[in-house]
Amino acid sequence: MTVLVLAEQTGGQPDELSLQAVAFARSLFPDRPVHALLVGEAQAVAAAASLPVATAYVAEVEGSYAPAAWATAAAELLDRLQADSLIAPGSDRGNEVLAHVACRLDLPFAANCVAATPGEPIRLTRVRWGGSLLEEALLHAPITILSVAPHAVAASPPGRPQAVETFQPALAAADLAVRVVGRVEPAGTGVSLAEAKVVVSGGRGVGSAEGFAVIEELASLLGGAVGCSRAVTSAGWRPHRDQVGQTGTKIAPDLYIACGISGATQHMAGCKGAKRILAINSDPEAPILASADYAVIGDLHEIVPAISAEIRRVQGR
Amino acid sequence: MRVLVCVKRVPMTGGRIVLTPDQREIETRHLGFTVSPHEECAVEEAVRLIETHGGESVVLTLGPPQAEEQLRDAMAIGVDRAIHLVTDGEEWDPQATAAAIVEAIEVERRVGGDFDLYLFGNESADAGNYQVGIRVAYSLGLPVVTGVKALAVEGDRLRLEREAGAARDLYEVPLPAVVTVLEGINLPRYPSVPGRMRAQRKPIASSTPVRPTPRLEKVRLVVPESQRKEAEILGHGPQAAPRVVELLAELGVLP
Ligand SMILES: Cc1cc2nc3c(=O)[nH]c(=O)nc-3n(C[C@H](O)[C@H](O)[C@H](O)COP(=O)(O)OP(=O)(O)OC[C@H]3O[C@@H](n4cnc5c(N)ncnc54)[C@H](O)[C@@H]3O)c2cc1C
Ligand SMILES: Nc1ncnc2c1ncn2[C@@H]1O[C@H](COP(=O)(O)O)[C@@H](O)[C@H]1O
């Protein structure tokens, strides 16, 4: 029995999350051949050469991303290889394409798994509530379709496949009915929330849109980005693109400074990748203190400007 | 135009999740309930579309009798009526959920006509299966776009935007279509008091479908080993600033 991993690439290199999916597949089925599938054109062929699998297949599909076309390619290859597992990264596209394949084949699909044990049925552990809770589940299906939660396992280092093979999947017109028809490039050039090394975030405790001036000042002194909680976006104080959490952006900065944020599980789901968390909160009992490394207790409207002033002082600015 | 929007009742967990003794559910005795923020935005989008284009919006849920609360919440901000597929509280797997929703849509089609647009959350708040909307689209033979952050109706077509890294991908699909949305597509309004009163009188059609054997079968829930920490208190009030800046220097984040 063989295993197929649906992989994604950027600029001719396999994505980190796809290499994590390869690692997951190889550790789940150490005795079986693990193949991979990339969909696309020249860049997909280039990325195939860096996938550490048995055969890296490239389904030649011209043009932009079309989820149903990717699903057709995957279903066709599954059938040809008589594979009994299809594994993809738990990315936007990975989850979307696997759901399409599962619909085609009338099979269940388990999204965002962190562990699995082979058997009949296969037993798996998957993420709920954006990672605040885990679920142990059984997948009753002749073909296992699952995605791998981001950062659940370490990625396989890129490596040469034993073979690369290209093929043209038999696409129907309907497979291309939904596809990317254009792109809007970002306007801003500031530090992006997802990539910033330091994020200074404000919650309901900031009190108003204007109150964010002190948060912005500290973020800019540290060359970081401004974040916020959902209480803040719901109140209209900040745009949703600043929201950290389960339904906002997931971040992994070196330092996360959470000001006036209580630490709800859905907020922490977005910042648990931070190396260090500093909480500034007036309530010494706030739940965030149980996940923070450091805390300052008191009014953020006094503390945050004092920190900014001190930074200016030590830097002689 | 006619829009159907699907929501799922979930507990509003606070700073810590506590499980029931059998570990199959979250202990909800002291918790309120809500729907996913993505679904709140789907409801708001449905209401705005009907305000602009005229027609009817309908909210649907598969859930326990108490999920009527989430249907009334949606009707309080302007949805016209509701469909309640009543369960005994046991969660349904995503395939069964989609099948029940499709069956309810077929019933609607027989009596009230077709919907032009079906709105879902990109993923449910609790289970996060990332698939119910896609499954419904397949069963209905309709195009589906997921993860949508901007939606515009242009004649009989939809123009949609979805985030792709820092950029946005554009999609165009004909109606009828299925769209799964993300929080941020709009800023949902708060229900008004008259809105809440009106919602009490809006109709809910309920039925009781039979739960099939799950193919993705939940066995138990586990609260992940939290790296529960004892935060080091750096100080109280603005006097803590020098200690904080020392720490910033230690961590190497002072530019
Ligand atoms: C399915 C779902 C998804 C969600 N997704 C997200 C998400 O992505 N991101 C998110 O953030 N939330 C999310 N939430 C909401 C989350 O549950 C909380 O409601 C929210 O995070 C609370 O925001 P907050 O901490 O700013 O507000 P609160 O919980 O009200 O906390 C305010 C804090 O500020 C402190 N404070 C008040 N005044 C001061 C002051 N002057 N100085 C210092 N401290 C002060 C208080 O002690 C308190 O700890 C989600 C909820 C659900 C149900
Ligand atoms: N029990 C349910 N009742 C109504 N809609 C649901 C239900 N479960 C899921 N959905 C819808 O399907 C979306 C995706 O759910 P999921 O596939 O579980 O992540 C949700 O955001 C809802 O819009």
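Check the entry above for the structure.
Asks: Would you explain the overall build of chain B in this entry?
Replies: Regarding its fold elements, chain B presents six helices and 13 strands. Along the first, second and third principal axes, the C-alpha atoms of chain B reach 70 × 45 × 40 Å. Considering only residue pairs separated by 6 or more positions, chain B has 69% of its internal contacts joining residues 24 or more positions apart. For chain B, the computed accessible surface area is about 11300 Å², with 51% contributed by carbon and sulfur atoms. Each charge class in chain B can be summarised by its mean position, and for the 29 positive and 37 negative side chains these summaries are 2 Å apart.

Asks: Mind showing me how you'd approach the site of ligand 1 here?
Replies: Lining the immediate environment of ligand 1, one finds 29 residues, of which Arg204(A), Ser229(A), Ser262(A), Gln266(A) and Asn281(A) sit closest. At the site occupied by ligand 1, the surrounding residues belong to chains A and B. One of the backbone nitrogen or oxygen atoms of Arg230(A) is found 2.8 Å away from an oxygen atom of ligand 1. Between ligand 1 and Val244(A) there is a distance of 2.8 Å, counted from a nitrogen atom to a backbone nitrogen or oxygen. Protein contacts shield 82% of the accessible area of ligand 1, which totals 990 Å² for the unbound molecule.

Asks: Before we go on, may I ask you to explain the site of ligand 2 in this structure?
Replies: Residues and elements named next belong to chain B. Looking at ligand 2, there are 18 residues lining it, with Cys6, Glu39, Leu62, Ser124 and Asn129 nearest. Within the contact set of ligand 2, an oxygen atom lies 2.6 Å away from a side-chain nitrogen or oxygen of Glu39. Bound to the protein, ligand 2 loses 98% of the 480 Å² it would expose on its own. It is strand S4 (residues 56–63) that contributes the most residues to the shell around ligand 2, three residues altogether. Its residues assigned to classes, the shell around ligand 2 comprises eight nonpolar, seven polar and three charged.

Asks: For this particular structure, what's the right way to read the pairing of strand S1 (residues 2–6) of chain B?
Replies: Residues and elements named next belong to chain B. The buried fraction of S1 is high, at five of five residues. Residues of S1 alternate between two faces, with Arg2, Leu4 and Cys6 on one and Val3 and Val5 on the opposite face, all of them buried. Relative to S4, S1 is paired through five bridges, and the arrangement is parallel. Each residue of the ladder has a partner; that of Leu4, found in S4, is Val58.

Asks: Any chance you could explain the nonpolar core here in plain terms?
Replies: One broad trend across soluble globular proteins is that nonpolar side chains are buried collectively. Leu37(A), Leu119(B) and Leu151(B) are the most contacted members of the largest nonpolar core, which has 94 residues in total. Looking at which element gives the most residues to this core, the answer is helix H3 (residues 67–81) of chain A, with eight residues.

Asks: So what exactly am I meant to see when it comes to helix H6 (residues 241–250) of chain B here?
Replies: One full turn of an α-helix is made of 3.6 residues, so residues set three or four places apart face in the same direction. For H6(B), the full list of buried residues reads Ala241(B), Val244(B), Val245(B), Leu247(B) and Leu248(B). Angular distribution of buried residues about the axis of H6(B) spans 155°; they occupy a single face of the element. As for H6(B), its buried residues are in contact with strand S15 (255–259), strand S16 (276–281), strand S17 (294–297) and helix H8 (300–314) of chain A together with strand S13 (232–236) of chain B. Just beyond H6(B), the residue with positive phi is Gly252(B), at close to 75°.

Asks: Looking at this model, I keep getting lost on the packing of aromatic side chains. Mind explaining?
Replies: Two descriptors summarise a pair of aromatic rings, namely the distance from one centre to the other and the angle between the planes of the rings. As enumerated under the stated definition, the model contains two aromatic pairs over all chains in all. Look at Tyr65(A) and Trp70(A): their rings are 5.0 Å apart centre to centre, the planes differ by 85°, and that puts the pair in the edge-to-face class. Measuring from ring centre to ring centre gives 5.6 Å for Phe115(B) and Tyr118(B), while their planes differ by 65°; the resulting arrangement is edge-to-face. An identical accessibility class is assigned to Phe115(B) and Tyr118(B); each is buried.

Asks: Sorry if this is basic, but what is going on with the sheet that holds strand S14 (residues 225–228) of chain A here?
Replies: Backbone hydrogen bonds hold the strands of a sheet together, and the pairing may be parallel or antiparallel. Pairing within the open sheet is parallel, and its six strands lie in the order S14(A)-S13(A)-S15(A)-S16(A)-S17(A)-S13(B). With partners counted over all chains shown, the strands left at the sheet margins are S14 of chain A together with S13 of chain B, one partner each. Strand after strand, the sheet turns through a mean of 20° between neighbouring axes, direction not considered. Strand direction decides the pairing type here: S15(A) and S16(A), joined by five bridges, are parallel. Considered in S16(A), the bridge of Ile257(A) is made with Leu278(A).

Asks: Whenever I open this one, the interface of chain A and chain B confuses me. Can you help?
Replies: When the parts of a complex come together, some accessible area is lost, and that lost area is often taken as the interface size. At the interface, 85 residues of chain A touch 79 residues of chain B. Taken together, both faces of the contact between chain A and chain B bury some 6800 Å²; the carbon and sulfur share is 58%. Here chain A is connected to chain B by eight salt bridges. A salt bridge links Asp169(B) to Arg183(A), with the nearest nitrogen and oxygen atoms 3.1 Å apart. Remark: the boundary between chain A and chain B carries 41 residue pairs in polar contact (both at pLDDT 80 or more). Grouping the amino acids of the side of chain A that touches chain B by side-chain chemistry returns 45 nonpolar, 21 polar and 19 charged. Across four bridges, the pairing between S17(A) and S13(B) is parallel. Note on S13(B): the bridge partner recorded for Val296(A) is Gly235(B).

Cut-off values and rules
- Residues numbered from 1 in each chain as written.
- Chains lettered and ligands numbered in written order.
- Predicted model: local features only at pLDDT ≥ 70, side-chain atom pairs only at ≥ 80, totals over all residues.
- Heavy atoms only, no water.
- Helix = DSSP H or I, 4+ residues; strand = E, 2+ residues; numbered from the N terminus.
- Contact = heavy atoms within 4.5 Å.
- Areas by Shrake-Rupley, 256 points an atom, 1.4 Å probe, with all protein chains shown as cover.
- Lys, Arg positive; Asp, Glu negative; His and termini not counted.
- Charge placed at Lys NZ, Arg CZ, Asp CG, Glu CD.
- Near = heavy atom within 4 Å.
- Polar contact = N/O pair within 3.5 Å; in protein donor to acceptor, adjacent residues only side chain to side chain.
- Nonpolar A, V, L, I, M, F, W, Y, C, P; charged D, E, K, R; others polar.
- Buried < 20%, exposed > 50% of the residue type's maximum accessible area, 1.4 Å probe, protein only.
- Pairing = 2+ DSSP bridges.
- Core = buried A, V, L, I, M, F, W, Y, C linked by side-chain atoms within 4.5 Å.
- Arc of directions from axis to C-beta.
- Phe/Tyr/Trp six-rings, centres within 6.5 Å; stacked < 30°, edge-to-face > 60°.
- Axes fitted to C-alpha atoms, helices over the stretch in contact; angles between N-to-C directions.
- Buried area = accessible area lost by both parts, 1.4 Å probe.
- Salt bridge = Lys/Arg side-chain N within 4 Å of Asp/Glu carboxyl O.

What is shown is where atoms sit, not what they do.
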